[in-house]
Amino acid sequence: MNLLEKSKAVEAIFQELEQESKQFHEEAGMGCLSGCGFCCANPEVPASPLEFLPLAFDLYEKGIADDLANKLANQESPGICVVYRSNLADDTKGFCGNYAKRGLICRLFGASARKNNKTGLKELITCKILKTEKEAAFQSVTERINSDMQIPLAPAYYTRIKDIDEALTNQYPVNQAILMALELVLRYKFYQEEQE
């Protein structure tokens, strides 16, 4: 499987997750607060290069992959997600600059669960802001995902991504993962053009 095929395989998984997440959000009412970028403003969000291949190919097609890769390579510290568009007055307020091509971590957060190793119960993967702002809904959802409500399981999606290319699923701070994906796509496109 070449790099483009891997990217398309990742996107196919994202489409399935989108359907599952949509159903969960409609039933649960636990979506992110509009304009909140609390998680996006964290430079340590863990991500893999593989989950950002669709973004990297999209940025290449838009003609900005090279410039963005250079910008990321020259950053002295990790910085907040390069795709995130924050409010100048408050980094925790903003929006995703390429929501359609966001990574797996972005898609799972607030829309998936993991099992607690001690209790065996499903736990919603979400932030402290939603737990506080939507406390009653959070408690209800926590009970329902362990009885009658369907929710995507994050470990299952990480396993499916890993099945595409395990070597590209190592976790890094988000901007490093995006940089690695951009470098892979730029190299792939360079050699592809050389062969043509």
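Above this note sits the structure.
Residues numbered from 1 in each chain as written. Predicted model: local features only at pLDDT ≥ 70, side-chain atom pairs only at ≥ 80, totals over all residues. Heavy atoms only, no water.

### Looking at the packing of aromatic side chains
- With the rule as written, the count across this model stands at 2 aromatic pairs.
- Ring centres of F57 and Y188 lie 5.8 Å apart, and the angle between their planes is 80 degrees; on these two criteria the pair is classed as edge-to-face. On the criterion of sequence distance, the pair formed by F57 in helix α2 (residues 53–61) and Y188 in helix α8 (residues 174–195) is long-range, its members being 131 residues apart. Accessibility assignment for this pair places F57 and Y188 in one class, buried.
- An angle of 75 degrees between the planes, with centres 5.3 Å apart, marks the rings of F190 and Y191 as edge-to-face.
- Of the residues examined, F190 reaches a relative accessible area of 45% and is grouped as partly exposed.
- The ring of Y99 carries the charged tip of R102 above its face, separated from the ring centre by 3.7 Å. (Phe/Tyr/Trp six-rings, centres within 6.5 Å; stacked < 30°, edge-to-face > 60°. Helix = DSSP H or I, 4+ residues; strand = E, 2+ residues; numbered from the N terminus. Buried < 20%, exposed > 50% of the residue type's maximum accessible area, 1.4 Å probe, protein only. Lys NZ or Arg CZ within 6 Å of the ring centre and 35° of its normal.)

### Things to note about the nonpolar core
- If you look at the biggest cluster of nonpolar residues, it comprises 41 residues, and the most contacted ones within it are F52, I178 and L182.
- When contributions to this core are tallied by element, the ones reaching two or more residues are α1 (3–28), α2, α3 (65–73), α4 (104–108), α7 (154–164) and α8.
- Ranked by the residues each element gives to this core, the list is headed by α8, at 9 residues.
- Setting aside its immediate chain neighbours within four residues, F52 contacts A47, R102, G103, C106, V174, A177, I178 and A181.
- Within the second largest apolar cluster, 12 residues are counted, among which are F24, M30, A113 and V141. (Core = buried A, V, L, I, M, F, W, Y, C linked by side-chain atoms within 4.5 Å. Contact = heavy atoms within 4.5 Å.)

### What about α8?
- Compared with an ideal rise of 1.5 Å per residue, which puts 22 residues at 32 Å, α8 spans 32 Å between its outermost C-alpha atoms and is within 8% of the ideal.
- Looking at α8, one finds that the buried residues are V174, N175, A177, I178, L179, A181, L182, V185, L186, Y188 and K189.
- Where α8 is buried, its residues contact α1, β1 (46–47), α2, α3 and β6 (172–173). (Expected span 1.5 Å × (residues − 1).)

### Details of the environment of Q19
- Inspection of the secondary structure puts Q19 in helix α1.
- In this structure Q19 comes out as exposed when scored by relative accessible area, which is 55%.
- As a C-alpha pair, Q19 and P152 span 133 residues in sequence and 9.7 Å in three-dimensional space.

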